Amino acid sequence: MDMPAQLSMEQQFRLQILQKQVKGLSQEEAQDYLLEVLRQMMVKDNLFKHLLKNN
């Protein structure tokens, strides 16, 4: 399966928007945000593993 490591144009745009929003966060807000992103990545990993296991 070919999985490109590059972001699409839309993803790059969304990343720029998020970058501007994150710069305005306090340290505590940024830490909370980071933990939530990591949690969501773990859920996504679990979903992929589940889908691959059942395929």
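Higher on the page you've got the structure.
These figures come from a predicted structure and were not determined experimentally. (Residues numbered from 1 in each chain as written. Predicted model: local features only at pLDDT ≥ 70, side-chain atom pairs only at ≥ 80, totals over all residues. Heavy atoms only, no water.)

*Asks:* Before we move on, can you summarise the environment of R14 with the specific residues and values?
*Replies:* The topology assignment puts R14 in helix 1 (residues 9–23). For the pair R14 and L38, spaced 24 residues apart in sequence, the C-alpha to C-alpha distance is 18 Å. (Helix = DSSP H or I, 4+ residues; strand = E, 2+ residues; numbered from the N terminus.)

*Asks:* Describe the pattern of salt bridges, listing the residues and the values that go with them.
*Replies:* Going through the model one piece at a time under the given rule, you end up with 2 salt bridges. The partner of R14 in a salt bridge is E10, and the shortest N-O contact between them spans 3.7 Å. In this pair, R14 and E10 are both assigned in helix 1, 4 residues apart and thus about one turn of the helix distant. Residue classification places E10 among the exposed positions, given a relative accessible area of 54%. In this structure, E36 engages R39 in a salt bridge whose closest nitrogen and oxygen atoms are separated by 2.9 Å. Placement of the pair is E36 and R39 together in helix 2 (residues 27–53), with a separation of 3 residues, close to one helical turn. (Salt bridge = Lys/Arg side-chain N within 4 Å of Asp/Glu carboxyl O. Buried < 20%, exposed > 50% of the residue type's maximum accessible area, 1.4 Å probe, protein only.)

*Asks:* Go over the environment of L7 with me, naming the residues and quoting the values.
*Replies:* Looking at where L7 falls in the secondary structure, it is placed in the segment before helix 1. Accessibility expressed as a relative area gives 41% for L7, which makes it partly exposed. Along the chain, L7 and L25 lie 18 residues apart, while their C-alpha atoms are 24 Å from each other. In contact with L7, not counting residues within four places along its chain, are Q12 and L15. (Contact = heavy atoms within 4.5 Å.)

*Asks:* Residues and numbers for a nonpolar patch on the surface, please.
*Replies:* Together, L18, V22, L25, Y33, L34, L35, V37, L38, M41 and M42 give the surface a local cluster of nonpolar side chains, amounting to about 860 Å² of exposed area. Going through the elements one at a time, helix 1 and helix 2 are the ones with two or more residues in the nonpolar patch. The leading source of residues in the nonpolar patch is helix 2, at 7 residues. Tracing the backbone shows V22 in helix 1. (Patch = residues over 30% accessible without salt bridge, like charges linked within 9 Å, V, L, I, M, F, W, Y side chains within 5 Å. Areas by Shrake-Rupley, 256 points an atom, 1.4 Å probe, with all protein chains shown as cover.)

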